[in-house]
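# Understanding the architecture of this molecule
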Amino acid sequence: MKAITQASIPELHGKVLEIFKIFQNICQRHKLRYYASGGTLIGALLYKGFIPFDDDMDINMPRPDYEKFKRIAPKELPEYLKIYNGLSSKHADYHFIKLHDTRTMYTSNLLQDFPDTYTGVFIDIEPIDGAPNEQNEREAWYFKLEQLYCFDLLRKFGKSYLYPDTIAWLYPNRIKRAIAYAWIQLHSRTYYAKKYSKLQKQINKQYPFDTATYVSWPRYGMFRSKNFWNTRANDWSSHIEVPFEDTTIHIPIGYENILTSQYCFMPTIETQRKYEQEADSHHVIQGIADINHSIYEYQQLQK
């Protein structure tokens, strides 16, 4: 499916920023904690705004604030802004929420055949969860999350979606791998996402964010990124407010530790420009981004 019209990066930045400001206002009114993360955190530090090629925003919220936002936001959002929950979708390839503008359209190439996953232009909002205190328990915890995430993607999209080595890494033995493939297909589209959600709830009862020493967040590949295992809750204990485009944004007090854990080094303008020169694609190049037509129009095209 081709886009009816394809938005430019500056056009997307404008729409994404509009969504963020509404989100920001709700957080201010209800005293909800939120932090820029990933590319948005790098952009805030290095560009005082968006990374030039980025087309969304990454926000993290401590689990209690995340759950409260999900409860109160539908009553306060304008009608055109909706929360899309990846955990409850039959096809979504993520386990967090997106706040999106239904008057627009955004989808990756992978999801074009699944109209139930269509969102408008969005910001990603991910929870920060408590994690076990002991190293070996954290390792087992991250492995289980990675396994369920992997199973969920395999159930929804087949082998082609995963990195070539992922299932082989989980199951080096070919016979066990073949058994795992067969077992995965016996369950419903939402089975593994529900198991993933249940595991998150269990761990958060044992290690609530506000009393945890270590934290995690639901990103695919977390187990293999072993630096994440030692990400501490006090890095997210407070924020610094910094400029972001024509507004401001909260960044976590321990941003250097967080970014070093995520990327294995502290990004600088030099490393970022080198990455931008070498990167051959990002979200918008790999899908549809349309600020002039709604998700509902695109869903109709698929009928």
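For the structure itself, consult the block above.
### Quick word on the pattern of salt bridges
Under the definition given, this model contains 11 salt bridges. Between Lys 21 and Asp 246 there is a salt bridge, and its shortest N-O distance comes to 2.9 Å. Here Lys 21 is found in helix H1 (residues 9–30), whereas its partner Asp 246 is found in the loop between strand S8 (239–244) and strand S9 (247–252), with 225 residues between them in sequence. The exposure class of Asp 246 is exposed, given its relative accessible area of 58%. Residues Arg 63 and Glu 67 are paired through a salt bridge, measuring 2.7 Å at the closest nitrogen-oxygen approach. Of this pair, Arg 63 and Glu 67 both sit in helix H3 (residues 63–76), 4 residues apart, which is roughly one turn of that helix. With relative accessibility at 16%, the residue Arg 63 sits in the buried group. The class of Glu 67 is partly exposed, set by a relative accessible area of 26%. What you see here is one network of salt bridges that share partners, running through Arg 63, Glu 67, Lys 70 and Asp 129.

### Topic: the side chain of Thr 102
Positionally, Thr 102 belongs in the loop between strand S4 (97–101) and strand S5 (105–108). With a relative accessible area of 6%, Thr 102 lands in the buried category. Beyond its immediate sequence surroundings of up to four residues, Thr 102 is in contact with Tyr 80, Lys 82, Ser 294, Ile 295 and Tyr 296.

### Comments concerning the packing of helix H2 (residues 38–46) against helix H8 (residues 255–263)
Two elements in contact, H2 and H8, have axes whose closest approach is 11 Å; the angle formed by their N-to-C orientations is 130 degrees. Classified by the interaxial angle, the pair formed by H2 and H8 is oblique. The crossing of H2 and H8 is left-handed. Where H2 approaches H8, its residues Gly 38, Gly 39, Leu 41, Ile 42 and Leu 45 are matched on the opposing element by Tyr 255, Leu 259, Gln 262 and Tyr 263. Broken down by class, the residue content of the contact of H2 with H8 amounts to 6 nonpolar, 3 polar and no charged.

### Focus on the packing of aromatic side chains
Each aromatic ring pair is summarised here by two numbers: the centre-to-centre distance and the angle between the ring planes. All told, the structure shown has 14 aromatic pairs when counted by the stated rule. Seen in terms of ring centroids, Phe 151 and Tyr 171 are 6.3 Å apart; in terms of plane orientation they differ by 15 degrees. Their pairing is stacked. Separated by 20 residues along the polypeptide, Phe 151 in helix H4 (residues 135–157) and Tyr 171 in the loop between helix H5 (166–170) and helix H6 (174–184) bring together distant segments of the chain. An angle of 75 degrees between the planes, with centres 5.3 Å apart, marks the rings of Phe 151 and Tyr 192 as edge-to-face. Separated by 41 residues along the polypeptide, Phe 151 in helix H4 and Tyr 192 in helix H7 (residues 191–206) bring together distant segments of the chain. In this structure, Phe 151 and Tyr 192 share a single accessibility class: buried.

### Notes on the packing of H4 against H7
Their axes nearest at 8 Å, the elements H4 and H7 cross at an angle of 160 degrees. Taken together, the axes of H4 and H7 are roughly antiparallel relative to one another. Of the two possible hands of crossing, H4 and H7 adopt the one that is left-handed. Contacts from Trp 141, Lys 144, Leu 145, Leu 148, Tyr 149, Phe 151, Asp 152 and Arg 155 in H4 reach Tyr 192, Ala 193, Lys 195, Tyr 196, Leu 199, Gln 200 and Ile 203 in H7. The residue makeup of the contact of H4 with H7, split by class, is 10 nonpolar, 1 polar and 4 charged.

### Describing the side chain of Ser 294
Residue placement: Ser 294 occurs in the loop between strand S10 (287–290) and helix H10 (295–301). Residue classification places Ser 294 among the buried positions, given a relative accessible area of 11%. In this view, Ser 294 contacts Thr 102, Arg 103, Thr 104 and Met 105; residues no more than four positions away in its chain are not counted.

Rules used in this analysis
- Here, residues in each chain are numbered from 1, in the same order as that chain's written sequence.
- Two thresholds apply to this predicted model, a pLDDT of at least 70 for residue-level local features and 80 or more for giving and counting side-chain atom pairs, whereas whole-chain, interface and lining totals are computed over all residues.
- The basis for the side-chain values is all heavy atoms of the structure; hydrogens and waters are excluded.
- Definition used for salt bridges: Asp or Glu carboxyl oxygen within 4 Å of a side-chain nitrogen of Lys or Arg.
- A run of H or I in DSSP becomes a helix once it reaches four residues, and a run of E becomes a strand once it reaches two; helices and strands are each numbered from the N terminus.
- Summary of the burial criterion: residues with accessible area below 20% of their type's maximum are buried, those above 50% are exposed, and those between are partly exposed, where the area comes from a 1.4 Å probe applied to protein chains only.
- In this analysis, two residues are considered to be in contact whenever any of their non-hydrogen atoms come within 4.5 Å of each other.
- Inter-axis angles, ranging from 0 to 180 degrees, are taken between N-to-C directions of lines fitted to C-alpha atoms, where helices are fitted over the stretch in contact.
- Should an angle fall under 35 degrees it is called roughly parallel, over 145 degrees roughly antiparallel, and 65 to 115 degrees roughly perpendicular, with every other angle called oblique.
- Left-handed describes a crossing whose near helix is turned anticlockwise from the far helix by less than a right angle; the clockwise case is right-handed.
- Amino acids outside the nonpolar list (Ala, Val, Leu, Ile, Met, Phe, Trp, Tyr, Cys, Pro) and the charged list (Asp, Glu, Lys, Arg) are all regarded as polar, and Gly is one of them.
- Pairing of aromatic side chains here covers Phe, Tyr and the six-membered ring of Trp, requires ring centres within 6.5 Å, and sorts the geometry by plane angle: under 30 degrees stacked, over 60 edge-to-face, intermediate tilted.

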